[in-house]
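# Fold and contact review
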Amino acid sequence: MAKPVTTAPIAATAPAPPTSPDAGWAPAGRQLRRVLERREIAIFLVAVVLFVYFSTTTSAFATVDNMVTMTQFMAPIAAIGAAEAVILTTGEVDLSSGTAFIFFPFVVYFLWANAGVPLVAAILVALACAAVFGLLNGVLTTMFGLPSFVTTLATFSALYGVMLVTSNSVQETFSLTGTGGNVLGGYSWSEILWALGCVAFIFYLLHLSRFGSHVVAAGGNLLGAAEAGVPVQRVKIWSFMMISVISAFIGIIDAARITTLDPGNDGTQEMFYAIAAAIIGGTAMTGGRGTIIGSLIGALVLGILYDGLDIKGVNASYFQLVLGVAILAAMIANVQLRRAAMRRWRSIRR
Amino acid sequence: MSSTEAGATAAPSAPLSTADVILDVQHVSKAFGAIVALADVSLQLRRGEVLGLVGDNGAGKSTLAKIICGFHQPDSGKILLEGKEIQLHSVQDARRHGIDTVYQDLALVPQLPVYANLYLGRESTVGGPLHLLARSKMRRVAREYLRSIKVNLPNVDADVETLSGGQRQAVAVARATRSQVKVLLLDEPLAAMGARESSLIIDLIKDLASRGQSMIVVDHNYTHLFELCDRLAVLQDGVITFDKLISETSLQEMTDYMVSEYRNQLGTGRTERVNGANGP
């Protein structure tokens, strides 16, 4: 192949940008500002302030017993919240995650207590069913081009219906004994440890793996990502399967701890708190931007608030009010921080 | 047809030996319903050449570009790459054959850093089935590649949304050329860009040309193309009416030609066509 090897000089008109490729490294002051502009840091500072406030104003807050209570409350929010952060990053939302959290423990129970299937096998079958449920969400959303808000609103209702019918709306006792019971939910810290395991796995998915890069691409520029060869449909379907399995799994752990299965709960509270944790942590509703560390800290903030207000004897209804204010404050802070970051980048570019 | 008469006066340059031609478009036509977008277009791109394709809105230049990049399929005619006829059923097909396009919308992900955009859809991974992103390798290769094509960016870690329009265009061009493409198609690379931004892209295209990259640059503004191209072709009403080496023509001749074409069309009662150029 005959290529002309004329190394033409760069045109004299070249307005070479004043910066070299690596000149973005800023001095210490700027570095600090960059750290503060990270949403995770900002929300972490909020968590610290809240923690210090409740610790100093009530003696019952910073105790081991209370930490157990608090982590048990925040564990499902942390696990499902991280999964919602991924879904939101693809530009979708899953409203059925809370119902998966409530329903699939019933599947385990039916298989184990009624059909005599060994516990581990029952759990695996339930998780496989959860994966199929997520597949349904993903396929309906991508193949039929439905908004996931609609798809998952429908599957949320349908799955809850299945649960009411199959359980005859009767509460069941899900009492596990022995090592299995301890590992799953009997030990005080079991649930938060399992939840942190889920969060670590999702962190790997979104921030370390190739899949995560495709998740951001699908949510950031769907058409462009597809033109560049990213399998955007498949990425969304896998994400929906992941959140269903995670929700089902942490639901089983939660049920093993509480030892009661209650068909009266449709899981909407868990779902909304999880989405709130993701958003407070800095994940964008518009897609293309998500942080798992942020969603974990978001769940921590919700846990501290819920538990702290409870201990201070504040009416639980206030928690809802505070949650509303917190979501708004987090969103406003996000927008402002991003603007500040963009201004800084523009000034570097010049 | 007035344009064919004009085409005869501005005859294409001397015939080429087939070895020089990398892309050969032969008698391609394309109609969308009753609208004939391309009547009978033959166009050759020589190896290492930068060809400017000029035409008004609606002249058929984006249709031709989309046929070459596999987005549309022609009704008749054929496309030869390095002397062999190729069938392009999709953009992926064209990419496999080594024909890549930088679309006007650039297809970048604003929230991903520069290096991730350069590797989008073809990421380097380590850790086997874990598919861990090989970030340090991608960063290093991206930095080296951008430096080698003389694109200066503040930082390969910068998210694309923090870049200027010209820098984004440069990233998109760099992505298309990173994997050794035979033919690079640039769709209006200078659209909506300021003078400084434009010169950034012009320098990049010139640099690629100096390495022997064969390119087709589509634009409606031929003054830009005089600075960039080795050859200019004008597409009007679905046919090539002008095809000359830059060295054999001048901005003045080109302007005179375009003006006389416009007058011809007025003179032959095709006013509505001209005025209705923005219509269907």
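Residues numbered from 1 in each chain as written. Chains lettered and ligands numbered in written order. Predicted model: local features only at pLDDT ≥ 70, side-chain atom pairs only at ≥ 80, totals over all residues.

Looking only at helices and strands, chain B has 10 helices and 12 strands in total. Put simply, chain B has 280 residues, and 44% of those count as buried. A sequence separation of at least 24 residues applies to 70% of the contacts in chain B between residues at least 6 apart. (Helix = DSSP H or I, 4+ residues; strand = E, 2+ residues; numbered from the N terminus. Buried ≥ 20, exposed ≤ 12 C-beta atoms within 10 Å, placed from the backbone. Contact = placed C-beta atoms within 7 Å.)

A word on the overall build of chain A. Along its length, chain A carries 14 helices and 2 strands. Taken over 350 residues, chain A has a buried fraction of 45%.

With 177 residues, the main nonpolar core has Ala79 and Ile250 of chain A together with Val217 of chain B as its most contacted residues. Both domains that furnish three or more residues to this core are identified here as domain 1 (2–10 + 18–98 + 183–278) and domain 2 (109–180) of chain B. Residues in contact with Ala79 of chain A, not counting those within four places in the same chain, are Ala195, Cys198, Val199, Ile246 and Ile250 of chain A. (Core = buried A, V, L, I, M, F, W, Y, C linked by C-beta atoms within 7 Å. Domains from an automatic or database assignment.)

Another aspect to go through is the packing of helix H3 (residues 64–89) of chain A against helix H12 (residues 268–280) of chain A. Residues and elements named next belong to chain A. Taken N-terminus to C-terminus, the directions of H3 and H12 make an angle of 65°; their axes are 7 Å apart at the nearest point. Where H3 crosses over H12, the two elements pack in a sense that is right-handed. Facing H3, whose interface residues are Pro76, Ile77, Ile80, Gly81, Glu84, Ala85 and Leu88, H12 presents Glu270, Tyr273, Ala274, Ile275, Ala277 and Ala278. Of the residues belonging to the contact of H3 with H12, the class tally is 10 nonpolar, 1 polar and 2 charged. (Axes fitted to C-alpha atoms, helices over the stretch in contact; angles between N-to-C directions. Left-handed = near helix turned anticlockwise from the far one by under 90°. Nonpolar A, V, L, I, M, F, W, Y, C, P; charged D, E, K, R; others polar.)

The next thing to look at is the pairing of strand S1 (residues 21–32) of chain B. All names here are of chain B. Of the pairings in the sheet, the one linking S1 to strand S2 (residues 35–46) comprises 8 bridges and is antiparallel in character. Residue pairing for S2: Phe32 is matched across the bridge by Ile35. Connecting S1 to the antiparallel partner S2 that follows it, the hairpin turn spans 2 residues, and Gly33 within it adopts a positive phi of roughly 60°. As paired strands, S1 and strand S4 (residues 76–81) are joined by 5 bridges and run antiparallel to one another. By the bridge assignment for S4, Val25 is matched with Ile79. (Pairing = 2+ DSSP bridges.)

All names here are of chain B. The 4 strands lie next to each other as S2-S1-S4-S5, forming an open sheet whose pairing is antiparallel. Of all the strands in the sheet, the pair left with one neighbour each is S2 and strand S5 (84–86). Averaged over neighbouring strand pairs, the angle between their axes works out to 25° when direction is ignored.

Distances and angles like these do not, on their own, reveal function.
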